[in-house]
Amino acid sequence: MSNKDDSFSLDDMMEIFGEKLPAAESPSAAQTLKERPPEPAAPPKDDDTSITAEELQLLEEYEKSKAERKRKEQEARRRKEEEEKRILEDYERQQREAEEREARQRRDMEEKRKRELEALKAKQEQEAWLKEQEKRIIEEYEKEKQARLEKDRQAQAEREAKAQAELKALAEQQRRDEARRQDEEKARAARLEEELKQKAQAAQALDDAKHRRLMELMSKVQRETAQPALPPLPSLDRGVPGLPDLPPARPVEREEEAPVEWPDTVSESENVPLCLMFEESRRSTFAFLAPLIGIKASNSMLNKTLEKARAKSPALLKDVNWKVDGSLREDGSLDSDRLLKNIQAMAPQERMDPYLKALREILSLRLAAVETGLGPRTRQELLGKIHDLRRKQFSDKYPSRLVSLFYQEIVPRS
């Protein structure tokens, strides 16, 4: 126990010995007694050995209060120590948790970085694999494309060879038919001549000069009419040795044109029939030229003349020689839908003249190419066949005003 605990204040001494101060004179002492437990009484002096019961009771109460205060102080100290221990434990626990949290965060960051690196590596490997697959697909596509092109070329060559063989077989069959017809004509002429000879002998026997002269004239006429016809020759201007010159080609017969009202512009209703008639003229040209110069040369001429005409009318004839699937037309035909799309880019009142001029340019170039390669007479024959289409096909299939427009403004007159 400290000295402070064993000391007595004046109020304590006065309380022990029963001396009370008035409430008005000692407010501090009364307040002091209420605020803290009473201090233990000082030991009695040697000369005063008698302790009254009241004093003894006061001393016991003081000792009890002092023991109670000690207990409370010890309890408060214990609680304080426990609180400090708890605070220290909480602090240490928080420190451990913080360290564990930091360690966990470091592990998580390391694992995250590791996963990101693995994901980046996997992504790079995936990109490399995709590039390799794309390269392989492109190579396979190029190989398939080359194989397909080669197959198409072979098929085209086979078709051309087959067509050439069919044309040759047809020409041979025509020659055989012509030879057979000539033999039949010769046999018929021989029979007629024999009959005339017999009739002449009978007339001479009757000595009828008039009848004999008549029979001779009839014999002459029969011989001239029964003379076999010459075999068909290619339509070339140069002659063939050993054969007489063919008569000049017949002039192109043009029908008298009645005045018709032509359309002011070109729309789908005018474009489709005009393109169909133009396509029929191209097919007729091909059928006329294929026996003379071959299928490949005929398609080449039709295609090149279209390209040359496109250079003169690039806006109107743009992409007209391409198919819908993106492949190039190799027979000189044109796409009517693309032609209509190109002409619709112009003002309606400005469409007709360039439209007719473009188609007329293509047909004129083809006739000029035939004249340059095969001669004027062959050109005239081809033009006659194109004009024959009007009477044989166009008159019943297409509007008369568009047929007249086609032959007056697109097909050359001579």
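Keep in mind that this is a model prediction, so the values were computed, not measured.

S.K.: I would appreciate a short explanation of the overall build of the chain in the present structure.
M.R.: For the chain, the count of helices and strands is 11 helices and zero strands. Along its sequence from the N terminus, the chain presents helices and strands in the succession α-α-α-α-α-α-α-α-α-α-α. Classification of the 414 residues of the chain by burial places 26% in the buried group. Put simply, 72% of the contacts in the chain that link residues at least 6 apart link residues at least 24 apart. By element, 51% of the accessible surface of the chain is carried by carbon and sulfur atoms, the whole surface being about 29,500 Å².

S.K.: In this structure, what is going on with the pattern of salt bridges? I would like to understand it.
M.R.: Pairing is possible between side chains that carry opposite charge, provided their charged atoms lie close to one another. A complete count under the given rule lists 24 salt bridges for this structure. Salt-bridge contacts for E279 lead to R282; the nearest nitrogen and oxygen are separated by 2.5 Å. Taken together, the positions of E279 and R282, both in helix α6 (residues 268-293) and three residues apart, correspond to about one turn of that helix. Judged by its relative accessible area of 15%, E279 falls in the buried class. As a salt-bridge pair, R283 and E280 come within 3.7 Å of each other at their nearest N and O atoms. Highlighted residues: R283 and E280, both in helix α6, separated by three residues, approximately one helical turn. For R283, a relative accessible area of 46% gives the class partly exposed. Shared partners join several salt bridges into a network, and the residues in it are E83, R86, D90, R93 and E97.

S.K.: For this particular structure, what's the right way to read the side chain of R379?
M.R.: Looking at the secondary structure, you find R379 in helix α10 (residues 376-397). Here E371 takes part through its side chain, which lies 3.5 Å from a polar atom of the side chain of R379.

S.K.: I would appreciate a short explanation of the confidence of the model for the chain in the present structure.
M.R.: A low pLDDT score tells you not to read the predicted coordinates there in detail. Averaged over all residues, the pLDDT of the chain equals 78, while 72% of them reach at least 70. Within the chain, helix α3 (residues 27-35) has the poorest average pLDDT of any element, 44, and helix α9 (residues 352-374) the best, 93. Segment residues 1-5: pLDDT under 50, and eight contacts once partners within four positions in sequence are set aside and those in other chains are kept. For the stretch residues 19-35, pLDDT sits under 50, and the model shows eight contacts to residues farther than four places along the chain or on other chains.

S.K.: Help me out: how do you make sense of the packing of helix α7 (residues 295-312) against α9 in this one?
M.R.: Here α7 crosses α9 at 135 degrees, and the two axes come no closer than 9 Å. For the element pair α7 / α9, the angle class is oblique. Relative to α9, the crossing made by α7 is right-handed. Residues M301, L302, T305, L306, K308, A309 and K312 of α7 form the contact with α9, whose own contacting residues are E361, I362, L365, R366, A369 and V370. In terms of residue class, the contact of α7 with α9 is made up of eight nonpolar, one polar and four charged.

S.K.: Is there a simple way to explain the nonpolar core in this structure?
M.R.: Across soluble globular proteins, you tend to see nonpolar side chains buried next to one another. Of all hydrophobic cores here, the largest spans 42 residues; its most connected members are L339, Y355 and F406. Only α6, α7, α8 (336-343), α9, α10 and α11 (400-409) provide two or more residues apiece to this core. It is α9 that provides the largest number of residues to this core, a total of 11 residues. The residues contacting Y355, other than those within four sequence positions of it, are V266, N271, L274, C275, L316, L339 and I343.

S.K.: Would you explain the packing of aromatic side chains in this entry?
M.R.: The geometry of two aromatic rings is summed up by the distance between their centres and the angle between their planes. By the definition in use, this model includes four aromatic pairs. Taken together, a centroid distance of 6.1 Å and an interplanar angle of 90 degrees make the contact between F394 and F406 edge-to-face. With F394 in helix α10 and F406 in helix α11, this pair connects stretches of sequence that are 12 residues apart. Judged by relative accessible area, which is 0%, F394 ranks as buried. Its relative accessible area of 0% is what places F406 among the buried residues. An aromatic cluster is present here, built from F394, Y398, F406 and Y407 joined pairwise through their rings.

S.K.: What is the right way to look at a positive patch on the surface in this model?
M.R.: The grouping of R101, R104, R106 and R107 at the surface amounts to a positive patch. Tracing the sequence through the fold places R101 in helix α4 (residues 53-206). Owing to a relative accessible area of 39%, R101 belongs among the partly exposed residues under this scheme.

Conventions used here
- Residues numbered from 1 in each chain as written.
- Predicted model: local features only at pLDDT ≥ 70, side-chain atom pairs only at ≥ 80, totals over all residues.
- Heavy atoms only, no water.
- Helix = DSSP H or I, 4+ residues; strand = E, 2+ residues; numbered from the N terminus.
- Buried < 20%, exposed > 50% of the residue type's maximum accessible area, 1.4 Å probe, protein only.
- Contact = heavy atoms within 4.5 Å.
- Areas by Shrake-Rupley, 256 points an atom, 1.4 Å probe, with all protein chains shown as cover.
- Salt bridge = Lys/Arg side-chain N within 4 Å of Asp/Glu carboxyl O.
- Polar contact = N/O pair within 3.5 Å; in protein donor to acceptor, adjacent residues only side chain to side chain.
- pLDDT = per-residue confidence, 0-100.
- Axes fitted to C-alpha atoms, helices over the stretch in contact; angles between N-to-C directions.
- Parallel < 35°, antiparallel > 145°, perpendicular 65-115°, else oblique.
- Left-handed = near helix turned anticlockwise from the far one by under 90°.
- Nonpolar A, V, L, I, M, F, W, Y, C, P; charged D, E, K, R; others polar.
- Core = buried A, V, L, I, M, F, W, Y, C linked by side-chain atoms within 4.5 Å.
- Phe/Tyr/Trp six-rings, centres within 6.5 Å; stacked < 30°, edge-to-face > 60°.
- Patch = residues over 30% accessible without salt bridge, like charges linked within 9 Å, V, L, I, M, F, W, Y side chains within 5 Å.
- Lys, Arg positive; Asp, Glu negative; His and termini not counted.
- Charge placed at Lys NZ, Arg CZ, Asp CG, Glu CD.

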